[in-house]
Amino acid sequence: MENSLVIVGSLTKAPRYRKSPSGIEHCQFWLSHRSQQTEAGLLRSAQCFIAVVASGEQFSKQLLPLEMGCTVRVSGFLQTQRSRNGESKLVLHAQHIELLS
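Source: prediction; values computed, not measured.

Draft legend 1. How the structure looks around the overall build of the protein chain. Broken down by element type, the protein chain carries one helix and six strands. The order of α-helices and β-strands along the protein chain, N terminus first, is β-β-β-β-α-β-β. Residues classed as buried in the protein chain amount to 31% of the 101 residues present. For the protein chain, the exposed surface amounts to about 7100 Å²; the carbon and sulfur share of it is 52%. Each charge class in the protein chain can be summarised by its mean position, and for the 11 positive and 7 negative side chains these summaries are 7 Å apart.

Listed below in structure tokens is the structure:
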């Protein structure tokens, strides 16, 4: 089954870096996307905020220049993540990140 997403947006918060107990490096940030899309022949404003998680050594050096306000293109897959209080949210798990500005 296919599960993939490519989105361009700006970081709305400074990235948060941490290391899991098993030693895997993680970077989490929020991405804000705004664009004009065509739906049923009409232009429509599209806007969303999505959490992004980049895990693994391949991202550790690449993500160092990330800061609030920079624009990135992220491709990866979607996964539901549950918070400690039981709320679930959709998270984009990055497989490729390209810094655009």
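Let's pick the thread back up.
Draft legend 2. Structural detail: the pairing of strand β1 (residues 5-11). Where β1 and strand β5 (residues 71-82) come together, six bridges link them in antiparallel fashion. Of the residues in β5, the one forming a bridge with valine 6 is serine 75. Across two bridges, β1 lies against strand β3 (residues 25-39) in antiparallel orientation. Paired with serine 10 across the strands is serine 32, a residue of β3.

Draft legend 3. Local environment of a positive patch on the surface. A cluster of basic side chains, namely Lys13, Arg16, Arg18 and Lys89, defines a positive patch on the protein surface. Among the secondary structure elements, arginine 16 is positioned in strand β2 (residues 16-19).

Draft legend 4. Highlighting the pattern of salt bridges. Overall, the coordinates contain two salt bridges when judged by the stated rule. Where arginine 44 meets glutamate 39, a salt bridge forms, and the shortest distance between an N and an O atom there is 2.6 Å. Taking the shortest distance from any N to any O, the salt bridge between glutamate 98 and arginine 73 comes out at 2.9 Å. Note that glutamate 98 is positioned in strand β6 (residues 88-99) and arginine 73 in strand β5, a separation of 25 residues in sequence.

Draft legend 5. Just unusual backbone geometry, in detail. Despite not being glycine, alanine 40 shows a phi value in the positive range, around 55 degrees. In this fold, alanine 40 is placed in the loop between β3 and β4 (42-55). Look at alanine 40 and you get exposed, because its relative accessible area is 78%.

Draft legend 6. Broad picture of the pairing of β5. With eleven bridges joining them, β5 and β6 adopt antiparallel strand pairing. When the sheet's bridge partners are listed, threonine 80 is paired in β6 with leucine 90. The hairpin formed by β5 and β6 contains five residues between the paired strands, and glycine 86 there has a positive phi angle of roughly 90 degrees.

Draft legend 7. A look at the environment of serine 83. Residue position: serine 83 is located in the loop between β5 and β6. Under the relative-accessibility criterion, serine 83 is labelled partly exposed at 36%. In terms of polar contacts, serine 83 uses its side chain to reach the side chain of asparagine 85, at 2.3 Å.

So, how was this worked out
- Residues numbered from 1 in each chain as written.
- Predicted model: local features only at pLDDT ≥ 70, side-chain atom pairs only at ≥ 80, totals over all residues.
- Heavy atoms only, no water.
- Helix = DSSP H or I, 4+ residues; strand = E, 2+ residues; numbered from the N terminus.
- Buried < 20%, exposed > 50% of the residue type's maximum accessible area, 1.4 Å probe, protein only.
- Areas by Shrake-Rupley, 256 points an atom, 1.4 Å probe, with all protein chains shown as cover.
- Lys, Arg positive; Asp, Glu negative; His and termini not counted.
- Charge placed at Lys NZ, Arg CZ, Asp CG, Glu CD.
- Pairing = 2+ DSSP bridges.
- Patch = residues over 30% accessible without salt bridge, like charges linked within 9 Å, V, L, I, M, F, W, Y side chains within 5 Å.
- Salt bridge = Lys/Arg side-chain N within 4 Å of Asp/Glu carboxyl O.
- Polar contact = N/O pair within 3.5 Å; in protein donor to acceptor, adjacent residues only side chain to side chain.

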